[in-house]
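The primary structure of each chain is shown beneath.
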Amino acid sequence: MNQLLFNKDDGGRADAGYKGKRVADCTPRAIAIATGMGYRETRAILDELNAEMTGGLESSTQNGTPSPVSHRYLTDEGWTLTVTRNEKKYLNDVPQDRIVIAVLSRHVVTVIHGTVHDTWDSRVSRKTRNGSPRLLGYYSQRRGSYGHWR
């Protein structure tokens, strides 16, 4: 099993003027980190898509981003989903040769070449025997649309 490194990264959230600690913004934060797009711009795009996909019933991703919204956005931008839900994979099992957006149980995080970029050390889970969170799947792309393929 590969050992991931950790880098504290809010994806530009604080610089965009957003405050608060316990907020459900892991998806826009992860996308902002993975793409290099600003946090505010990322949130605006996801909010607009959320409103469109819910017929206007939900207009904000303030309390979390529904999976269909993030999936549509990422696949429209050229990201490919690899589902690992039934394979007993863990966060440590993500490919470390590229940028991935890992989908965990109740959390989304960016891993850039073996380093987790998040506001907290999400490499650790008390719910699994090996201490690494279960990996439901991950989005990746060979060439980032924002020039981030390294």
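Structure: see above.
Residues numbered from 1 in each chain as written. Predicted model: local features only at pLDDT ≥ 70, side-chain atom pairs only at ≥ 80, totals over all residues. Heavy atoms only, no water.

Trainee: For the overall build of the chain, give the residues involved together with the corresponding values.
Mentor: Along its length, the chain carries three helices and six strands. Beginning at the N terminus, the succession of helices and strands in the chain can be written as β-α-α-α-β-β-β-β-β. Against the 2.2 N^0.38 benchmark of 15 Å for 150 residues, the chain shows a C-alpha radius of gyration of 15 Å, consistent with a compact globule. In terms of overall dimensions, the chain has a C-alpha envelope of 45 × 30 × 30 Å along the principal axes. (Helix = DSSP H or I, 4+ residues; strand = E, 2+ residues; numbered from the N terminus. Rg over C-alpha atoms; globule rule 2.2 N^0.38 Å.)

Trainee: Mind laying out the packing of helix 2 (residues 39–53) against helix 3 (residues 67–76), listing which residues take part and the relevant values?
Mentor: Relative placement of two packed helices is described by the angle separating their axes and the distance separating the axes. Running from N to C, helix 2 and helix 3 cross one another at 115°; their axes reach a closest spacing of 10 Å. For the pair helix 2 and helix 3, the crossing hand works out as right-handed. Residues Ile 45, Leu 46, Leu 49, Asn 50, Glu 52 and Met 53 of helix 2 form the contact with helix 3, whose own contacting residues are Pro 68, Val 69, Arg 72 and Tyr 73. Tallied by class, residues from the contact of helix 2 with helix 3 come to seven nonpolar, one polar and two charged. (Axes fitted to C-alpha atoms, helices over the stretch in contact; angles between N-to-C directions. Left-handed = near helix turned anticlockwise from the far one by under 90°. Contact = heavy atoms within 4.5 Å. Nonpolar A, V, L, I, M, F, W, Y, C, P; charged D, E, K, R; others polar.)

Trainee: Lay out the pattern of salt bridges in plain terms, naming residues and giving numbers.
Mentor: Under the counting rule described, the total for this entry stands at seven salt bridges. Close ionic contact of Asp 25 with Arg 13 constitutes a salt bridge, the shortest N to O distance being 2.5 Å. Of the two residues, Asp 25 is situated in the loop between strand 1 (5–8) and helix 1 (26–35) and Arg 13 in the loop between strand 1 and helix 1; the sequence distance between them amounts to 12 residues. The structure contains a network of salt bridges with shared partners spanning Arg 13, Asp 25, Arg 29 and Asp 118. (Salt bridge = Lys/Arg side-chain N within 4 Å of Asp/Glu carboxyl O.)

Trainee: I'd like a description of helix 2, backed by residues and values.
Mentor: The end-to-end C-alpha separation of helix 2 is 21 Å, in line with the 21 Å expected for 15 residues at 1.5 Å each. For helix 2, the set of buried residues is Tyr 39, Thr 42, Arg 43, Leu 46, Asp 47, Leu 49 and Asn 50. Buried residues in helix 2 make contact with helix 1 and helix 3. Just downstream of helix 2 lies Gly 55, where phi reads positive at about 65°. (Expected span 1.5 Å × (residues − 1). Buried < 20%, exposed > 50% of the residue type's maximum accessible area, 1.4 Å probe, protein only.)

Trainee: Can you break down the nonpolar core residue by residue, with the values?
Mentor: Membership of the largest hydrophobic core comes to 17 residues, with the highest contact counts inside it found for Ile 31, Tyr 73, Leu 74, Trp 79 and Ile 101. Those elements that provide at least two residues to this core are helix 1, helix 2, helix 3, strand 3 (99–104) and strand 4 (107–112). In terms of residues, this core owes the most to one element, helix 1, which gives five residues. Every residue in contact with Leu 74, bar those within four places of it in the chain, is listed here: Ile 31, Trp 79, Ile 101 and Tyr 139. Counting residues in hydrophobic clusters, the runner-up holds 11 residues, among them Leu 4, Val 94, Leu 104 and Val 116. (Core = buried A, V, L, I, M, F, W, Y, C linked by side-chain atoms within 4.5 Å.)

Trainee: Before we move on, could you go through the environment of Thr 80 and cite the residues and values that matter?
Mentor: Mapping Thr 80 onto the fold places it in strand 2 (residues 80–83). Counting along the chain gives 67 residues from Thr 80 to Arg 13, while the straight-line C-alpha distance between them is 25 Å. Excluding residues that lie within four positions of it along the chain, Thr 80 makes contacts with Tyr 138, Tyr 139 and Ser 140.

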